[in-house]
Amino acid sequence: MKKICLLLLALSFNLASAGLLESPSGKKYMTTEIVGQGSFGKVTLAREVGPNTAKWAVKSSHAGDDYRTAAHIESNFLRVFNSMSLPVVHLEDSFEQSGQVHLVLERLESDLTKYQKTDGRSNDRSRIFPLQEVRQVVRNVLLVLQGMHFKDIIHTDIKPENIMVQSTAPFRVKVIDFGNAIHKDNSESGEYIQTRWYRAPEILLRRNYTPAIDIWSLGCVLYELATGQVLFRGANSIEQLTLIQKMLLPNDLYLVHLLKEFQIMIDKHPEAPPEEYIDPFLSSKLYSKFMGPMETTAFETDVLTSAELTDDAVPFADLLIQMLQIDPDQRITAEDALRHPFLRMPVPPASID
Ligand SMILES: Nc1ncnc2c1ncn2[C@@H]1O[C@H](COP(=O)(O)OP(=O)(O)O)[C@@H](O)[C@H]1O
Ligand SMILES: [Mg+2]
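Q: Any chance you could explain unusual backbone geometry here in plain terms?
A: Keep in mind that most residues, glycine aside, have a negative phi and that most peptide bonds are trans. Across the junction of Ala169 and Pro170, the peptide omega takes the value 0°, indicating a cis bond. Relative to the helices and strands, Pro170 is located in the loop between strand 9 (163-168) and strand 10 (171-175). A positive phi angle is found at Asp152, which is not glycine, with a value near 60°. Residue placement: Asp152 occurs in the loop between helix 4 (131-150) and strand 8 (153-154). One non-glycine residue with positive phi stands out, namely Arg206, at about 60°. Mapped onto the elements of the fold, Arg206 is located in the loop between helix 5 (201-204) and helix 6 (212-227). For Arg206, a count of 20 C-beta atoms within 10 Å gives the class buried.

Q: Quick question: what am I supposed to make of helix 2 (residues 65-83) here?
A: Residues lying three or four places apart along an α-helix face the same way, a consequence of the helix completing one turn every 3.6 residues. For helix 2, which comprises 19 residues, the first-to-last C-alpha distance of 27 Å matches the rise-based estimate of 27 Å (1.5 Å per residue) to within 8%. For helix 2, the full list of buried residues reads Ala71, Glu74, Ser75, Phe77, Leu78 and Phe81. Seen from one end, helix 2 has its buried residues packed into an arc of 160°, which puts them on one side. For helix 2, the exposed residues lying more than 90 degrees away from the buried face are Asp65, Thr69, Arg79 and Ser83. Note on helix 2: the residue one or two positions beyond its end, Ser85, has a positive phi of about 55°.

Q: So what exactly am I meant to see when it comes to the pairing of strand 4 (residues 55-61) here?
A: Sheet faces and side chains relate simply in a regular strand, where the side chains alternate between the two faces. Burial runs high along strand 4: six of the seven residues are buried. Direction of pairing for strand 3 (residues 41-49) relative to strand 4: antiparallel, over a ladder of seven bridges. When the sheet's bridge partners are listed, Gly41 is paired in strand 4 with Ser61. Alignment of strand 4 against strand 6 (residues 100-106), held across five bridges, turns out to be antiparallel. Directly across from Lys59, in strand 6, lies its bridge partner Leu103.

Q: Got a minute to help me understand the site of ligand 1 in this structure?
A: In the vicinity of ligand 1 there are 18 residues, among which Gly36, Gly38, Val43, Ala57 and Asp177 approach most closely. Only strand 2 (28-37), strand 4 and strand 6 provide two or more residues apiece to the shell around ligand 1. Across the shell around ligand 1, the residue classes break down as eight nonpolar, four polar and six charged.

Q: Just checking my understanding: could you explain the sheet that holds strand 9 for this structure?
A: Pairing between sheet strands relies on hydrogen bonds along the backbone, with the strands arranged either parallel or antiparallel. The sheet built from three strands is open, its strands ordered 7-9-10 with antiparallel pairing. The open sheet terminates on both sides in strands that have one partner only, identified here as strand 7 (110-111) and strand 10. For strand 7 and strand 9, the ladder comprises two bridges, and the chain directions are antiparallel. What sits directly across from Ser110, in strand 9, is Val165. In this fold helix 4 packs onto strand 9 and strand 10, with an angle of close to 30° to the strand it touches most, strand 10.

So, how was this worked out
- Residues numbered from 1 in each chain as written.
- Chains lettered and ligands numbered in written order.
- Predicted model: local features only at pLDDT ≥ 70, side-chain atom pairs only at ≥ 80, totals over all residues.
- Helix = DSSP H or I, 4+ residues; strand = E, 2+ residues; numbered from the N terminus.
- Buried ≥ 20, exposed ≤ 12 C-beta atoms within 10 Å, placed from the backbone.
- Expected span 1.5 Å × (residues − 1).
- Arc of directions from axis to C-beta.
- Pairing = 2+ DSSP bridges.
- Near = placed C-beta within 6 Å.
- Nonpolar A, V, L, I, M, F, W, Y, C, P; charged D, E, K, R; others polar.
- Contact = placed C-beta atoms within 7 Å.
- Axes fitted to C-alpha atoms, helices over the stretch in contact; angles between N-to-C directions.

The structure is reproduced here in structure tokens:
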């Protein structure tokens, strides 16, 4: 009897390490291949054990109170947005096992970064999305942002890795990863959030922020999809600001000087201030310069020469400029962007050849 118990114990231990998860709902999931790994934990592909062999993806947090709390917050957000029928990943089940929180999610095809690389080009220019597909991305992400922003919730991490392809014919995407979402009332000025290349100027300059930061990120994502190149590929926060200045602001000598001052200060103290360090005094001077008039002609020409040139390229460039307004109060809202001519353009009939 004792031997059988030990055998069963060993067997269940093996199954647990092989990735058997048991939900209190009675459902069992066998996890297999890891498809995503981050500071929160990991995402693995899974199959339901039993007669229903449905395929899922399971996002599992690390063990530990902070990770568990964050995972529960993400699952609450997902439940709210699922109930609003927004195009976000469907949450099927969530439970705790061995001190970790597991979110059982609808399995999606590929995130936009992986999808863009499947073209297999060797240079750093990835697949260029036809504007028809870009329109499907912008429509669905805007629907999610409109719903979230209406509830005063900010996603804070809109980027290609957090937008996933649901189907390719027709081309449809869903938004994932609500692990960093935050209610506006809990936002604190000076917080250093978002992923650098998609980080809004007000975050780089450590100012108050609003849901408008998500629109900035989406503008950066759309440029990347339509041209195959990252819009602002900064290696640190000063370079990020410098790239934004070069692309969107007039060549103001004082502004260039202020950015150089920052760079010198950071170079002098590589170990002291973190990469994200911004001196508050210099940052307020920079902020007033950044909030000045924009110079978008070069940017518009750049979009029109790099994107696929179709009838909708001009309205697309116009929408991008409205999303990439440096002043968050001037930036288009999700609601208004959904009414922009680029989104209202009819789908052309399928080509005959
Ligand atoms: N539902 C899903 N189906 C398939 N792959 C997924 C799914 N959710 C996430 N992934 C993959 O795992 C990666 C990390 O998941 P994400 O929720 O963004 O976690 P993190 O907080 O680490 O960014 C995604 O970029 C994507 O490639
Ligand atoms: Mg993510």
